[in-house]
Amino acid sequence: MTERKIVGLSEPTIELLKTIVGQTKNGVTVKDTAGRYVMLNPAAAEILGVNAADALGKTAADLLARGVAEEIMKSDAETIRTGQSRTLEETIVVEGKERLL
């Protein structure tokens with residue numbers, strides 16, 4: 001599990017979050033309100049085709065093809081606007097392989 005400092009959460013809460021997210025086989029990411037990745041689990045890093053540590057502080061636009069990044073950023077903006085979490089399923093091509101994001 002790789003993460004940047006998450007402001008506003010206590011250390012025990014962050015550790016619990018890391019444990020839960022790190023155990024799931026699903027790709028899970030946490031972003032700040034500017035769309036920068038502050039946490040991603042190994043499954044998410046694999047799906048995105050990135051090194052988790054290298055992705056921290058970057059946006060979808062920094063890491064993914066334009067069309068995919070635009071869809072993700074649109075979904076992120078809706079999440080921020082409504083305050084409701086969302087699940088986005090998108091097929092992306094990374095290193096010549098289709099992956100479900």
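This structure is a prediction, so every number in the text was calculated from the model and none was measured.

**Some points on the overall build of the protein chain**
Looking only at helices and strands, one finds 5 helices and 5 strands in the protein chain. Starting at the N terminus and walking to the C terminus, you meet the elements of the protein chain as β-α-β-β-α-α-α-α-β-β. Taken against the 2.2 N^0.38 rule, which gives 13 Å for 101 residues, the C-alpha radius of gyration of the protein chain at 13 Å falls within 12% of a compact globule. Seen through its C-alpha atoms, the protein chain measures out along the principal axes to roughly 40 × 30 × 20 Å. For the protein chain, the residues scored as buried account for 27% of the 101 residues in total. Of the contacts formed within the protein chain by residues at least 6 apart in sequence, a portion of 33% connects residues at least 24 apart. Surface exposure of the protein chain reaches about 6,600 Å², of which carbon and sulfur atoms provide 49%. Across the protein chain, the mean location of the 13 positive side-chain charges is 2 Å away from that of the 15 negative side-chain charges.

**Here's the deal with the side chain of Asn 41**
By the secondary structure assignment, Asn 41 is in the loop between β3 (37-40) and α2 (42-48). A polar contact of 3.0 Å, which involves the side chain of Asn 41, links it to the backbone oxygen of Val 21.

**Comments concerning helix α1 (residues 11-23)**
Across its 13 residues, α1 extends 18 Å between first and last C-alpha, which sits within 8% of the 18 Å expected from 1.5 Å per residue. Within α1, the full set of buried residues consists of Ile 14, Lys 18 and Val 21. Down the axis of α1, the buried side of the element spans an arc of 80°, and every buried residue falls inside it. In α1, the exposed positions angled more than 90 degrees off the buried face are occupied by Pro 12, Leu 16, Ile 20 and Gln 23.

**Some thoughts on the pairing of strand β5 (residues 97-100)**
Here strand β4 (residues 91-94) pairs with β5 via 4 bridges, running antiparallel. Bridging from a neighbouring strand, Thr 91 pairs with Leu 100 of β5. Linkage of β4 to β5, two consecutive antiparallel strands, is achieved through a turn of 2 residues, within which Glu 95 is found at a positive phi near 55°.

About the thresholds
- Residues numbered from 1 in each chain as written.
- Predicted model: local features only at pLDDT ≥ 70, side-chain atom pairs only at ≥ 80, totals over all residues.
- Heavy atoms only, no water.
- Helix = DSSP H or I, 4+ residues; strand = E, 2+ residues; numbered from the N terminus.
- Rg over C-alpha atoms; globule rule 2.2 N^0.38 Å.
- Buried < 20%, exposed > 50% of the residue type's maximum accessible area, 1.4 Å probe, protein only.
- Contact = heavy atoms within 4.5 Å.
- Areas by Shrake-Rupley, 256 points an atom, 1.4 Å probe, with all protein chains shown as cover.
- Lys, Arg positive; Asp, Glu negative; His and termini not counted.
- Charge placed at Lys NZ, Arg CZ, Asp CG, Glu CD.
- Polar contact = N/O pair within 3.5 Å; in protein donor to acceptor, adjacent residues only side chain to side chain.
- Expected span 1.5 Å × (residues − 1).
- Arc of directions from axis to C-beta.
- Pairing = 2+ DSSP bridges.

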